[in-house]
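# Descriptive analysis of the structure
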Amino acid sequence: CTLFDELRELIMELDEGIVEKPGRRVAAYRVEKNFAEILIRKDKLVIDLWPTDYIDPRSMVEKLGDNAYVTMSRRITLTEPNDLEYVFSIIEQSYKNVL
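Below or above, wherever it landed, is the structure these notes cover. (Residues numbered from 1 in each chain as written. Predicted model: local features only at pLDDT ≥ 70, side-chain atom pairs only at ≥ 80, totals over all residues. Heavy atoms only, no water.)

### Quick look at the overall build of the protein chain
The helix and strand tally for the protein chain stands at two helices and six strands. The N-to-C order of helical and strand elements in the protein chain reads α-β-β-β-β-β-β-α. A globule of 99 residues ought to have a C-alpha radius of gyration of about 13 Å, and the protein chain, at 12 Å, matches this closely. The dimensions of the protein chain, computed from C-alpha atoms along their principal axes, are 35 × 30 × 25 Å. In the protein chain, 52% of the contacts between residues at least 6 apart in sequence involve partners at least 24 apart. The distance from the centre of the 14 positive side-chain charges to the centre of the 19 negative ones in the protein chain is 8 Å. (Helix = DSSP H or I, 4+ residues; strand = E, 2+ residues; numbered from the N terminus. Rg over C-alpha atoms; globule rule 2.2 N^0.38 Å. Contact = heavy atoms within 4.5 Å. Lys, Arg positive; Asp, Glu negative; His and termini not counted. Charge placed at Lys NZ, Arg CZ, Asp CG, Glu CD.)

Right under this line is the structure:
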């Protein structure tokens, strides 16, 4: 089971109303709005998130440029299986913010 598969399973368990829009290298997750877009790289997952104030004690969430056309302006990167639960907790905050 890959890191992406594990993360995907956790996201889909959040709510039966979550819609997954898979692409070739990107998977987007939404309820009313997208709350996570996962870019699949060879050695990591790059996850773009809804802009909100995250509870992020490890300071892993990066703020992207303030471009009016970019709705997903926060990013977190998952490279290590040990970080899966932490990264998921950040994604869960994004999910709750779009409800």
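### Section: the packing of aromatic side chains
Counted under the stated rule, the structure contains one aromatic pair. Seen in terms of ring centroids, phenylalanine 35 and tyrosine 95 are 5.3 Å apart; in terms of plane orientation they differ by 70°. Their pairing is edge-to-face. You can see phenylalanine 35 sitting in strand E3 (residues 34-40) and its partner tyrosine 95 sitting in helix H2 (residues 84-98), a full 60 residues away along the chain. Seen from the ring of tyrosine 86, arginine 58 lies directly overhead, with NZ or CZ sitting 4.4 Å from the centre. (Phe/Tyr/Trp six-rings, centres within 6.5 Å; stacked < 30°, edge-to-face > 60°. Lys NZ or Arg CZ within 6 Å of the ring centre and 35° of its normal.)

### Considerations on helix H1 (residues 3-13)
Where H1 is concerned, the buried positions are Leu3, Phe4, Leu7, Leu10 and Ile11. End-on, the buried residues of H1 take up no more than an arc of 130°, which puts them together on one face. Buried-residue contacts for H1 involve strand E2 (26-30), E3, strand E4 (45-49), strand E6 (74-78) and H2. (Buried < 20%, exposed > 50% of the residue type's maximum accessible area, 1.4 Å probe, protein only. Arc of directions from axis to C-beta.)

### Examining the environment of methionine 12
Tracing the chain through its elements places methionine 12 in helix H1. The spacing of methionine 12 and tyrosine 29 is 17 residues in sequence and 8.6 Å in space, taken between C-alpha atoms. Setting aside residues up to four positions removed in sequence, methionine 12 forms contacts with Ile18, Glu20 and Tyr29.

### Re the nonpolar core
Membership of the largest hydrophobic core comes to 29 residues, with the highest contact counts inside it found for Leu7, Ile11, Phe35, Ile47 and Ile91. Secondary structure elements with two or more residues in this core: H1, E2, E3, E4, E6 and H2. Ranked by residue count, the leading element in this core is H2, at eight residues. Beyond its immediate stretch of four places on either side in the chain, isoleucine 11 contacts Ile18, Tyr29, Phe35, Ile38, Phe88 and Ile91. (Core = buried A, V, L, I, M, F, W, Y, C linked by side-chain atoms within 4.5 Å.)

### Digging into a negative patch on the surface
Side chains of Asp5, Glu6, Glu9 and Glu13 sit close together on the surface and give a patch of like negative charge. Following the sequence through the fold, glutamate 6 ends up in helix H1. The class of glutamate 6 is partly exposed, set by a relative accessible area of 34%. (Patch = residues over 30% accessible without salt bridge, like charges linked within 9 Å, V, L, I, M, F, W, Y side chains within 5 Å. Areas by Shrake-Rupley, 256 points an atom, 1.4 Å probe, with all protein chains shown as cover. Salt bridge = Lys/Arg side-chain N within 4 Å of Asp/Glu carboxyl O.)

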